[in-house]
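Coordinates in review
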Amino acid sequence: MDEWKPNPAAKAHKKRSWYLAWKYKLMNQRALRKLCQTGAVLFLLVTVIVNIKLILDTRRAAYEEEEESAQDYDDEMLNVEVPRHPVSNKKVLDVEVYSSRSKVYVAVDGTTVLEDEAREQGRGIHVIVLNQATGHVMAKRVFDTYSPHEDEAMVLFLNMVARGRILIFTIKDEGSFHLKDTAKNVLKSLGSQVAPFLSWRDMWTFAGKKGGEVYGEKHAKSPALSTWGDPVLLKTEVHLTSVEDAECHWPDTELNRRRKRFCSKVEGYGSVCSCKDPTPIEFNPDPLKDNKVFDVPVAVIAGNRPNYLYRMLRSLLSAQGVNPQMITVFIDGYYEEPMDVVELFGLSGIQHTPISIKNARVSQHYKASLTATFNLFPDAKFAVVLEEDLDISVDFFSFLSQSIHLLEEDDSLYCISAWNDQGYEHTAEDPSLLYRVETMPGLGWVLRKSLYKDELEPKWPTPEKLWDWDMWMRMPEQRKGRECIIPDISRSYHFGIVGLNMNGYFHEAYFKKHKFNTVPNVQLKNVESLRKDAYETEIHRLLGEAEVLDHSKNPCEDSFVPDTEGKVYVMFIRMEQEADFTTWTQLAKCLHIWDLDVRGNHKGLWRLFRKKNHFLVVGVPASPYSSKKPSSVTPIYMEPPAKEEGAAAVPAVAAAEQT
Amino acid sequence: MQKINKNVVLALLSLTSLVFLLFQLYYYKFYLSQKNGSVFSKVRGIQSGQDSTRWHVVRKFLGLISSHNIPVYLIDPLILGLVDKDIEQIRSSPDGPTPDCKYFCAPRDFTTFALVDKTWKHEVSLFRAAEKMGFQWLKIINKDPRLDGMDDLSGVEIPLHYIFKLASHAIHLVVFYERSGNYLWHGPLRLKQHMDRKFVPFRKLHFGRYPGAYEKPELLLVSIDDLKVQIPKNPSSFLEEMSHSRFLECRYREARAFFQLYPDDASLDAVEFRKKAKSLLHLAALTLNSLGVKFWLSSGTCLGWYRQCNVIPYSKDVDLGVFIRDYKADIIPAFQKAGLPLKHKFGKVEDSLELSFQGDEDVKLDIFFFYEEDDHIWNGGTQAKSGKKFKYLFPKFTLCWTEFIGLKVHVPCETLQYIEANYGPDWKVPLKTWDWKSSPSNVQYNGVWPVNEWDDVIQIY
């Protein structure tokens, strides 16, 4: 339509007044028609524009929405929530318990919760604790009551289990040999008819509620000393109670919510879960004045020893000056219970997929834990490293706060450790005294970040090397002649008796009698004299005032040291060169201190206490302090016992010990 | 007849189009108001000049936060932009009353605050209190990147973002974490499946599309619109930092896979070289940062980061890239002062500039200068003995932050293209022999320096 040229026409009309235009249009049909046409065209145009805009807008919006749902703000991981079925709506659990010479198992509602058919393992009484409301397994233990004292542990454990819990017992192989009357009475009080009469190689299963009904019991007597009783299988039903009945009614606080979560999952932690007057899980120890280690991260290295971890964290959180926010617990493996313990105390925990085996596994776990600690706290210059089987002294942080500046300023220091290898009940005396030693004791120590990042981390032993991290750290290539600061009286106590290189005998011999500081706020004396050169002055002063002991006497005898208090004595032993520890080892042995390898020495000098007197031992002529020996004195030489084969093997075990 | 018909047709057409138009307008309006109420609240806001809802929500939020002793600071780019204009006045009269609500009343869907993680204790009581005040809140958690590089640690997931919503306004609280390299990091905002996608218009949030890296800001307590709030001391530099804060995490998983295939060199030499390379890179970063010269990891160092999250132990040098527009004459003296003498200088500022500094023992620091063209970026190489010139072409790229051996450094955001340009599609396979003149897949012969210029463009010390 060529004649539709609306714009010039519209312009032309605009110039006239509306009225005139109207008049004109009435008169002029053609003009009216033109106007109508123009209007219509304008209308159409506007419609088209609005249409196009609308289409564009909806398209854009649709595109955006599509994009939005496509990704961008969506998590790429599909965390599909698995709908949690309540354990069962039904109120009855079917329980099967099997006891035999070589195999035990427990099945709850068709799910095997315990199965043990390993040879030469799992002998004794297996105990399982179930939650009476949910049927969840809360604890699983085995007590080898064929061996002594295990029954006592079982009694302890059973006493800690809350009333109302479901207890299941089954014997594998033999469980009666060292099952004493006390333990039998406890089992009887739980409702067992058979327990008091359990005897050699009997098979036995029992299920009951603590302080309540008995669900079933089966027993097979051993016909003769050389044979076992027939396998027994107990099948029974357990009626579940309501959740409310199974829980305590603590006041609803944040702390109690944590407690509740913990107590409904695990058993065997005693009063922390008791309904009346439960033991606190928050300790609020006094803060330290001028605490220099408040911002130092604390790495707790843990395995699967949740009871140990519980004890350890309690003592750590009770130490004055502790800062719970800086604590991270590193758990070697995906174990639930240690994590439950960590959460009970409101701390943060990190689990570590195990790499490698045995010592190397521990070693890799240490590396990952240390690296993670410095990643999580990038500002930190130090990290405190603790293990799950240590008690922490109440003045642990006070001790570190007073000494940590030395580690920062003195390059000749390797670490500060809370542990004195030679600090036994009879050889440590002064909580305010510190030493410099050439060995690295571990067991609660402070690591400098620069040491770790620049030296240790890049060449940390790789998984295929089955090395102990602590032995590796003690090697001259790593230590490079640097020393550690230790207290005379240890600020940590090693209570673990189950461990990679640990057993009850070993613990009794070397760790039980270790002295542990319990005095709060000890003011350390003369910290500045621990610096490299000042320490030499200090030693020379000490040796200067020390009284030389009578070298004709036997140093192992008590009478070797006079019955005085607070004096300083010195003795000289033979030490041909730096690595000659023959006499020292014999002396350590007869003094009943650490003798499995050499610990606590500083330039051929050992410092300890005997009968409350400071007692110095100098190795002559290797030690630079040999010059203090009066010429009349002949250094004592003690010969190792002739039989050496057995002894040679021991240090290897011991060496690996302190992990 | 024909004319009448035409008129009728026209009238009919007009009528339908009118109806159509009205319908469309109505629908459009309806659609918009459904899609996003704010368009109209904006209109309303403009009409009334301000929107007190936002101010009230922010005030409530700040009250909540201060009663729990949580030190948040304002990082909302729109408000900081406004504040920046009046910064002198605000600084000089920190308590001065402002006549009208200038900053917190512009109607927006949300206001953004930041929180440095280590400054609070994750108390649950905060959320209880927030609920009591009427806030709805949403927590976005994800993996802890500080443990990401660690082989097999699984920590607890950490909170990255919080959103507190009251009435029509939301507070977006971004959680910043300190990381090795002395910087602050915030995570991306990713919704898990069950989360309420409509909780707030997530797409409009200023933080969260990508993770970001920032310097630790100095803060200033100011009183604006009668609200006491901490802001970055220098809002304009914060805004500038924000505009290119995108952070790339190293590809730890791929790096692990790489080491499965090609076990890491754990020899003493490798350990030593890495240690030297690390300290050289730290020194170089310190020097260039203090000059304000922006640089990125280039060549082998970039490949090491991308492929194995570490220095390639046999690479013998540290390579950095710098845009020629950032070149400063002070670079050479600054490095010399830092104990890194110039080893050689090839090319000139106008063409193919390349500097080499001698680090400790045999580790060398190479700085390549990059020239931007319309559709590509290139840097040059020079063969000392023949005066031959080479050109290495790269597709255009922008710069992102990353963390590399304890440093916050730049890398090309489009790292893969960058590396493929340089090393070809087989960059995943380690090569110990490498000829810089022929091995790179993006090398081009670029003529020869005129002999009379040699003294200038080939300087070897």
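Please read these numbers as outputs of a predicted model, since none were measured by experiment. (Residues numbered from 1 in each chain as written. Chains lettered and ligands numbered in written order. Predicted model: local features only at pLDDT ≥ 70, side-chain atom pairs only at ≥ 80, totals over all residues. Heavy atoms only, no water.)

1. Description of the overall build of chain B
Counting its regular elements, chain B contains 13 helices and 21 strands. Taking 461 residues into account, the globule formula puts the C-alpha radius of gyration at 23 Å, and chain B, at 29 Å, lies well above it. Counting only C-alpha atoms and orienting by the principal axes, one finds that chain B spans roughly 85 × 80 × 50 Å. Residues counted as buried form 51% of the 461 residues belonging to chain B. Taking the intrachain contacts of chain B between residues at least 6 apart in sequence as the baseline, contacts between residues at least 24 apart amount to 69%. Charge-centre separation for chain B: the mean point of 59 positive side chains lies 8 Å from the mean point of 53 negative side chains. (Helix = DSSP H or I, 4+ residues; strand = E, 2+ residues; numbered from the N terminus. Rg over C-alpha atoms; globule rule 2.2 N^0.38 Å. Buried < 20%, exposed > 50% of the residue type's maximum accessible area, 1.4 Å probe, protein only. Contact = heavy atoms within 4.5 Å. Lys, Arg positive; Asp, Glu negative; His and termini not counted. Charge placed at Lys NZ, Arg CZ, Asp CG, Glu CD.)

2. Brief notes about the packing of aromatic side chains
Aromatic ring pairs are reported here in terms of the distance separating the ring centres and the angle at which the planes meet. Counted according to the given criterion, the structure contains 58 aromatic pairs over all chains. When the centroid spacing of 5.6 Å and the interplanar angle of 35° are considered together, the rings of A:Phe169 and A:Trp204 count as tilted. Of this pair, A:Phe169 sits in strand β6 (residues 166-172) while A:Trp204 sits in strand β7 (residues 203-209), and the two are 35 residues apart along the sequence. There is no split in this pair, since A:Phe169 and A:Trp204 are both buried. When the centroid spacing of 5.8 Å and the interplanar angle of 85° are considered together, the rings of B:Phe390 and B:Trp436 count as edge-to-face. Taken together, the residues B:Phe390 in strand β17 (residues 388-394) and B:Trp436 in the loop between α12 (415-423) and β20 (443-448) connect sequence positions 46 residues apart. Three or more aromatic residues link up through ring pairs in this structure, and these residues are B:Phe61, B:Phe113, B:Trp120, B:Phe127, B:Phe135, B:Trp137, B:Tyr162 and B:Phe164. The lysine or arginine in question, B:Lys165, covers the ring of B:Phe199, its NZ or CZ lying 4.5 Å from the ring centre. When the ring centre of B:Tyr306 is taken as origin, the NZ or CZ atom of B:Arg251, which lies over that ring, is 4.0 Å away. (Phe/Tyr/Trp six-rings, centres within 6.5 Å; stacked < 30°, edge-to-face > 60°. Lys NZ or Arg CZ within 6 Å of the ring centre and 35° of its normal.)

3. A look at the domain arrangement of chain B
Residue and element names in this part refer to chain B. Assigned domains of chain B: these are domain 1 (49-245) and domain 2 (252-460). Placing the centre of domain 1 and that of domain 2 at their C-alpha centroids yields a distance of 38 Å. If you look at the interface, domain 1 gives 14 residues, while domain 2 gives seven residues. Of the roughly 920 Å² buried between domain 1 and domain 2 on both sides combined, carbon and sulfur atoms contribute 46%. Notably, a salt bridge pairs Lys408 with Glu215, separated by 2.6 Å at the nearest N-O pair. In this structure, the connection of domain 1 to domain 2 is made through four residue pairs in polar contact (both at pLDDT 80 or more). (Domains from an automatic or database assignment. Buried area = accessible area lost by both parts, 1.4 Å probe. Salt bridge = Lys/Arg side-chain N within 4 Å of Asp/Glu carboxyl O. Polar contact = N/O pair within 3.5 Å; in protein donor to acceptor, adjacent residues only side chain to side chain.)

4. Examining the UniProt feature "domain: LicD/FKTN/FKRP nucleotidyltransferase" (unreviewed entry) in chain B
Look at the UniProt record and you will see "domain: LicD/FKTN/FKRP nucleotidyltransferase" (unreviewed entry) annotated at residues 291-329 of chain B. From the first C-alpha to the last, residues 291-329 of chain B spans 10 Å; its make-up is 28% helix and 23% strand. (UniProt positions renumbered as here; feature names shortened; annotations may be inferred.)

5. Digging into the sheet that holds strand β22 (residues 601-602) of chain A
All names here are of chain A. Judged by pairing direction, the sheet is mixed, and its five strands sit side by side in the order β20-β21-β24-β23-β22 without closing on themselves. Two strands in the sheet have a free side with no partner beyond their single neighbour: β20 (547-548) and β22. Here β20 pairs with strand β21 (residues 568-575) via two bridges, running parallel. The residue of β21 that forms the bridge with Glu547 is Tyr569. The strands that helix α17 (residues 582-591) touches are β21, β23 (605-610) and β24 (613-621); relative to β21, the one it contacts most, it runs at about 130°. (Pairing = 2+ DSSP bridges. Axes fitted to C-alpha atoms, helices over the stretch in contact; angles between N-to-C directions.)

6. Quick look at the sheet that holds β6(A)
Residue and element names in this part refer to chain A. Pairing is antiparallel in the open sheet, where five strands are placed in the order β5-β4-β6-β7-β8. Looking along the sheet, the strands with just one partner apiece sit at the ends: β5 (137-143) and β8 (214-220). The average angle at which neighbouring strand axes cross in this sheet is 10°, direction not considered. As judged from the six bridges shared by strand β4 (residues 124-130) and β5, these two strands associate in the antiparallel manner. Each bridged residue has a counterpart across the sheet, and for Leu130 the counterpart in β5 is Val137.

7. Thoughts on a nonpolar patch on the surface
A contiguous nonpolar patch, built from A:Phe43, B:Leu15, B:Leu18, B:Val19 and B:Leu22 and spanning about 440 Å² of accessible area, is present on the exposed surface. Topologically, B:Val19 is positioned in helix α1 (residues 2-35). For B:Val19, a relative accessible area of 52% translates into the label exposed. (Patch = residues over 30% accessible without salt bridge, like charges linked within 9 Å, V, L, I, M, F, W, Y side chains within 5 Å. Areas by Shrake-Rupley, 256 points an atom, 1.4 Å probe, with all protein chains shown as cover.)

8. Describing unusual backbone geometry
Across the junction of A:Val620 and A:Pro621, the peptide omega takes the value 5°, indicating a cis bond. Phi angles above zero are rare outside glycine, and A:Leu443 is one such case at about 50°. With relative accessibility at 0%, the residue A:Leu443 sits in the buried group. Phi at B:Asn182 is positive, roughly 55°, even though this residue is not glycine.

9. Some points on the environment of B:Asp374
Here B:Asp374 is to be found in the loop between β15 (364-372) and β16 (377-382). Along the backbone, B:Asp374 and B:His282 are 92 residues apart, and their C-alpha atoms lie at a distance of 33 Å.

10. Overview of the pairing of β6(A)
Residues and elements named next belong to chain A. Of all seven residues in β6, seven are buried; the element is thus mostly enclosed. Here β6 shows two buried faces, one formed by Ile166, Ile168, Thr170 and Lys172 and the other by Leu167, Phe169 and Ile171. Pairing of β6 with β7, which is carried by five bridges, proceeds in the antiparallel orientation. From the neighbouring strand, Leu167 faces β7, where its bridge partner is Gly208.

11. Observations regarding the UniProt feature "domain: ILEI/PANDER" (unreviewed entry) in chain A
Mapped onto this structure's residue numbering, the UniProt feature "domain: ILEI/PANDER" (unreviewed entry) falls at residues 123-212 of chain A. Taken end to end, residues 123-212 of chain A comprises 22% helix and 31% strand; its first and last C-alpha atoms sit 28 Å apart.

12. Some details on the pattern of salt bridges
Within the structure shown, the criterion is met by 53 salt bridges over all chains. Here A:Glu336 ties to A:Lys265 by a salt bridge, and the two come within 3.8 Å at their closest N and O atoms. One end of the pair, A:Glu336, is in helix α9 (residues 336-344); the other, A:Lys265, is in the loop between α7 (254-263) and β10 (298-302), and 71 residues separate them in sequence. Taking the relative accessible area as the measure of exposure, A:Glu336 reaches 57% and is therefore exposed. Judged by its relative accessible area of 37%, A:Lys265 is partly exposed. Linking A:Asp597 and A:Arg599 is a salt bridge whose minimum nitrogen-to-oxygen distance equals 3.1 Å. Each of A:Asp379, B:Lys118, B:Glu178 and B:Lys216 takes part in one network of salt bridges that share partners.

13. Some points on the packing of helix α4 (residues 150-160) of chain A against helix α5 (residues 181-189) of chain A
Residue and element names in this part refer to chain A. Here α4 crosses α5 at 30°, and the two axes come no closer than 9 Å. Seen from above, α4 lies across α5 with left-handed handedness. Contact with α4, carried on its side by Asp151, Met154, Val155 and Leu158, involves Ala183, Val186 and Leu187 of α5 and no other residues of that element. Each residue belonging to the contact of α4 with α5 can be placed in one class, and the counts come to six nonpolar, no polar and one charged. (Left-handed = near helix turned anticlockwise from the far one by under 90°. Nonpolar A, V, L, I, M, F, W, Y, C, P; charged D, E, K, R; others polar.)

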